[in-house]
Amino acid sequence: MKRTIYLKFLLGYAIFGIFSYVLIATYVPDMLTRYFVHEESSSLYQEAVLIADTYASKLYTSEISLETVKEQLNALTVFLDADIWILNPSGRMVLDSAHPVDIEEVQIVEGFDPAGVAGSYYVIGNFFDYFDTTKLTVMAPIMSNYQINGYVVIHSDYSSILDSCYSLQGAIYLCFGILFLLSLIILIFFTGFVYIPLRKITKATEQYATGNYHYELQPDSSDEIGYLASILSYMASEIARSEDDQKKFVANVSHDFRSPLTSIRGYLEAMLDGTIPPELHEKYLRIVLNETERLTKLTNGLLQLNNLNTKGLLLDKTHFGINKVIRDTAASFEGTCQKKNIKLQLLLTGDEMLVHADMGKIQQVLYNLLDNAIKFSHMDSNIKIETTEKKNKLHISVKDYGIGIPKDEIKLVWDRFYKSDASRGKDKKGTGLGLAITKEIMQSHGENINVISTQGAGSEFIFTLPISEKMEEM
Ligand code: ATP
Ligand code: MG
């Protein structure tokens, strides 16, 4: 399995790290140096201006001696960690805080040109080649009577400024490194909450794709990914269930087709080889005919169920009088009822009761229910068909006082091919599809059908139909 999401995430993480590092390495040193130079030079310049305005100008007006000024500047030199000079405009050194005053030895800064420093209050360099190392130098003119008498010059070591920059830069890199490592927590979260559950889901879908619908996928969180996992696992269980149903269905179909075919074949063979004498042929041919009728019924039922399934809601709904339909269906069973001496009672509300449904299909529902009721009724009993009106719905009940359905089998009567053991013995022609078709028809109408039954006492099947709005106009 390709682990692309994880690789992509790692790649994104690495790119984030590299970009941030490059950005910091490009801008931070420059920014820091500029900041430190600015800070240092402006504070030195303020000192230089102060000295120029006080001791230095007093020196030029001979108010104080060179020694006094030197003493004062010595303290400042230590405090500022810098060299303080007083220079004449010509470049002759009047005072150097780093060296004792020596009037004999005249020190001159060769090539000193104040204009070279003009324009900025600081310069970085070796001060007209005077030093071997790089210095940050500030210069303040010593004025009196609008004339420049000399300059206060302060030199600070540029390398010590760079050192401060480097140490701060180091701290920044360290912070970045720690932050980068801390952001690994996101990666850990991603791995735990997204990547691993996603891998489990992928593994499960691979199993489902190969047909292993019983593979267990446990959602381990209640977030979107957990929801996805539970939906997938539900989907798989549904597919597994429908696959099982399918297998059961095919097994039932083949079984129900095989038994009549076996008996047809058995009788025909027996007739051909003379086991059944010719005078009995008619009797057995009738049995064979019966069996073929059963096969036809079975095939028709299956075709019908299939059509109901595929067409679903394709119903030919009309507004029709249900009372007439019930009476007609009941009439068609007159002969069968007479044989068993069963009395059909019709308790119908209203002279005419219009409902909105597919008339042919509802007729079939009534036919199936009545057929069952008669089939599973005892001799000399009653069957009641009753309609009642409740909140825009018509409840139609078909009630018999026959064998009833065992409690734990009530749920199963709607299944295709289901026939209770009792009925298997009694009714050999039944396919077990009648109620499945009935349920399918009611479902496609969006209506309900229910059964109340007590074993040995009888059963009542009740279904609903929408009362036609045309009833109000009547
Ligand atoms: P077919 O309808 O194809 O002739 P069937 O009647 O056996 O066959 P269904 O109508 O689907 O099939 O009924 C399924 C089973 O439910 C029946 O075999 C019977 O066991 C039980 N059953 C249905 N109606 C009743 C009833 N009124 N009383 C007792 N049992 C019933
Ligand atoms: Mg039936």
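Numbers given to residues run from 1 along each chain, matching the order in which its sequence is written. Chains and ligands are labelled sequentially in the order written, the chains with letters from A and the ligands with numbers from 1. Reporting of local features is limited, given that this is a predicted model, to residues whose pLDDT is at least 70; pairs of side-chain atoms are given and counted only at 80 or more, and all residues count toward the totals for whole chains, interfaces and linings. Only hydrogens and water are removed before side-chain values are computed, so all heavy atoms of the structure are retained for them.

Trainee: Any details on the domain arrangement of the protein chain? Residues and values, ideally.
Mentor: Accessible area lost on assembly of the parts is the figure often given for the size of an interface. Domain start and end points were adopted from an automatic or database domain assignment. When the domains of the protein chain are assigned, the result is domain 1 (5-180), domain 2 (224-309) and domain 3 (317-473). Computed from C-alpha coordinates alone, the two centres of domain 1 and domain 3 are separated by 108 Å.

Trainee: Provide a residue-level description of a nonpolar patch on the surface, including the pertinent values.
Mentor: Here, patches come from residues exposed beyond 30% relative accessible area and free of salt bridges, joined within 9 Å for like charges and within 5 Å for nonpolar side chains (Val, Leu, Ile, Met, Phe, Trp, Tyr). Accessibility throughout is a Shrake-Rupley quantity obtained with a 1.4 Å probe, and a residue counts as covered only by protein chains that appear here. The term salt bridge refers to a pairing of a side-chain nitrogen on Lys or Arg with a carboxyl oxygen on Asp or Glu at a separation within 4 Å. Judged by side-chain polarity, Leu174, Ile178, Leu179, Leu182, Ile185, Phe189 and Phe193 come together as a nonpolar surface patch covering roughly 730 Å² of accessible area. Numbering of helices and strands runs from the N terminus; a helix is a DSSP stretch of H or I covering at least four residues, while a strand is a stretch of E covering at least two. At the level of elements, helix H3 (158-182) and helix H4 (184-209) are the ones that each hand at least two residues to the nonpolar patch. Among the elements that take part in the nonpolar patch, H3 stands out by supplying four residues, more than any other. If you trace the backbone, leucine 179 turns up in helix H3.

Trainee: Provide a residue-level description of helix H2 (residues 66-80), including the pertinent values.
Mentor: The periodicity of an α-helix, 3.6 residues per turn, causes residues three or four positions apart to be oriented the same way. Here, expected helix span is obtained from the residue count minus one, scaled by 1.5 Å. For H2, which comprises 15 residues, the first-to-last C-alpha distance of 20 Å matches the rise-based estimate of 21 Å (1.5 Å per residue) to within 8%. Of the positions making up H2, those classed as buried are Val69, Lys70, Leu73, Leu76, Thr77 and Leu80. Note on contacts: a residue pair is in contact if any heavy atoms of the two residues lie within 4.5 Å. Contact partners of the buried residues in H2: helix H1 (4-60), strand E1 (82-87), strand E2 (93-96) and strand E5 (147-157). Downstream of H2 by a residue or two, aspartate 81 has a phi angle that is positive, lying close to 55°. Only protein chains enter the accessibility calculation, which uses a 1.4 Å probe; a residue is then buried when its area is under 20% of its type maximum, exposed when over 50%, and partly exposed in between.

Trainee: Pulling in residues and values, what's your account of the packing of aromatic side chains?
Mentor: Each Phe, Tyr or Trp ring (for Trp, its six-membered ring) is paired with any other whose centre lies within 6.5 Å, and the angle between the two planes then decides the class: stacked below 30 degrees, edge-to-face above 60, tilted in between. Per the stated rule, a full pass over the model turns up 23 aromatic pairs. For the ring pair phenylalanine 249 and phenylalanine 417, a centre distance of 5.6 Å and an interplane angle of 45° mean the geometry is tilted. Placement of the pair is phenylalanine 249 in helix H5 (residues 224-272) and phenylalanine 417 in the loop between strand E10 (393-400) and helix H10 (421-426), with a sequence separation of 168 residues. The exposure class of phenylalanine 249 is partly exposed, given its relative accessible area of 22%. Joined through ring pairs, the aromatic side chains of Trp85, Phe112, Phe127, Phe128, Tyr130, Phe131 and Tyr151 make up one cluster. Across from the ring centre of phenylalanine 131, 4.9 Å away, lies the NZ or CZ of lysine 135, which sits over that ring. When the ring centre of tryptophan 414 is taken as reference, the NZ or CZ atom of lysine 439 above it lies at 4.9 Å. Both a distance and an angle decide whether a charge sits over a ring: NZ of Lys or CZ of Arg must be within 6 Å of the ring centre and within 35 degrees of the ring normal.

Trainee: Explain empty space enclosed by the protein to me, and be specific about the residues and the numbers.
Mentor: A pocket, in this scheme, is an open set of points on a 1 Å grid over the protein atoms alone with protein on both sides within 12 Å along at least 5 of 7 lines, while a cavity is a set where a 1.4 Å probe fits but cannot get out; residues line either one if an atom lies within 4 Å of a point. Grid points are joined across faces, edges and corners, and a volume is the space filled by probe spheres set on the points. In total, this model carries one cavity of 30 Å³ or more according to the counting rule given. Quantified by volume, the largest cavity comes out at close to 40 Å³. Contributing to the lining of the largest cavity are Pro197, Lys200, Ile201, Leu217, Gln218, Pro219, Asp220, Ser221, Ile225, Gly226 and Ala229. When contributions to the lining of the largest cavity are tallied by element, the ones reaching two or more residues are H4 and H5. Three classes are used, and their members are as follows: Ala, Val, Leu, Ile, Met, Phe, Trp, Tyr, Cys and Pro are nonpolar, Asp, Glu, Lys and Arg are charged, and the others, Gly among them, are polar. Looking at the lining of the largest cavity residue by residue, the classes come out as six nonpolar, three polar and two charged.

Trainee: Describe the sheet that holds strand E3 (residues 122-125), naming the residues involved and giving the relevant values.
Mentor: Any two strands with at least two DSSP-identified bridges between them are counted as paired. Taking strand neighbours across the sheet as the criterion, the five strands line up as E2-E1-E5-E4-E3 in an open arrangement whose pairing is antiparallel. Since the sheet does not close on itself, it has two edges, and those belong to E2 and E3, each with one partner. In this sheet, adjacent strand axes meet at a mean angle of 25° when their direction is disregarded. Bridging between strand E4 (residues 135-144) and E5 involves ten bridges; their strand directions are antiparallel. Bridge pairing in E5 links lysine 135 to aspartate 157. Working convention: axes come from line fits to C-alpha atoms, limited for helices to the stretch in contact. Angles between N-to-C directions cover 0 to 180 degrees. Sitting on the sheet, H1 touches E1, E2, E3, E4 and E5, and the angle it makes with E4 is about 35°. Seen against the sheet, H2 touches E1, E2 and E5 and runs at an angle of roughly 150° to E1.

Trainee: Please provide a residue-by-residue account of the nonpolar core, values included.
Mentor: The tendency in soluble globular proteins is for nonpolar side chains to be buried side by side. Definition used in this section: a nonpolar core is a set of buried Ala, Val, Leu, Ile, Met, Phe, Trp, Tyr and Cys residues joined via side-chain atoms within 4.5 Å. Core analysis: the biggest nonpolar cluster contains 47 residues, and Ile322, Ile362, Leu369, Leu370, Ile396, Phe463 and Leu465 have the highest contact counts within it. When residues of this core are assigned to their parent elements, the largest contribution, seven residues, is made by helix H9 (residues 359-375). No fewer than three residues from each of domain 2 (224-309) and domain 3 (317-473) sit in this core. Filtering out sequence-adjacent residues up to four positions away, leucine 370 remains in contact with Thr329, Ala330, Phe333, Leu344, Ile383, Ile385 and Val398. One finds Ile51, Leu80, Ile154 and Tyr158 within the second-largest nonpolar core, a separate group that totals 23 residues.

Trainee: How would you sum up the site of ligand 1? Please name residues and give values.
Mentor: Near residues are defined by distance, with any heavy atom within 4 Å of the molecule or strand qualifying the residue. If you check the shell around ligand 1, you find 22 residues, and the closest are Lys297, Asn372, Lys375, Thr431 and Leu435. Polar contacts, as used here, are pairs of N or O atoms within 3.5 Å; protein pairs need one atom able to donate a hydrogen and one able to accept it. Residues neighboring in sequence count only if both atoms are side-chain atoms. Leucine 435 is positioned with one of its backbone polar atoms (N or O) 2.7 Å from an oxygen atom of ligand 1. Between ligand 1 and serine 459, the relevant distance is 3.2 Å, taken from a nitrogen atom to a side-chain nitrogen or oxygen of the residue. Contact with the protein chains removes 98% of the 590 Å² of surface that ligand 1 exposes when unbound. Counting only elements with at least two residues in the shell around ligand 1, the list comes to H9, helix H11 (434-445) and strand E12 (458-466). For the shell around ligand 1, a count of residues per class yields eight nonpolar, nine polar and five charged.

Trainee: Describe the sheet that holds strand E7 (residues 343-347), listing the residues and the values that go with them.
Mentor: Judged by pairing direction, the sheet is mixed, and its five strands sit side by side in the order E7-E9-E10-E12-E11 without closing on themselves. The two strands at the open ends of the sheet, each matched to only one other strand, are E7 and strand E11 (449-454). Within this sheet the neighbouring strands show an average axis-to-axis angle of 15°, counted without direction. Where E7 lies against strand E9 (residues 382-390), five bridges are found, and the strand directions are parallel. Within E9, the residue paired with lysine 343 across the bridge is asparagine 382. Docked against the sheet, H9 engages E7, E9, E10, E11 and E12, running at close to 170° with respect to E12. Relative to the sheet, H11 contacts E11 and E12, its axis offset from that of E12 by approximately 25°.

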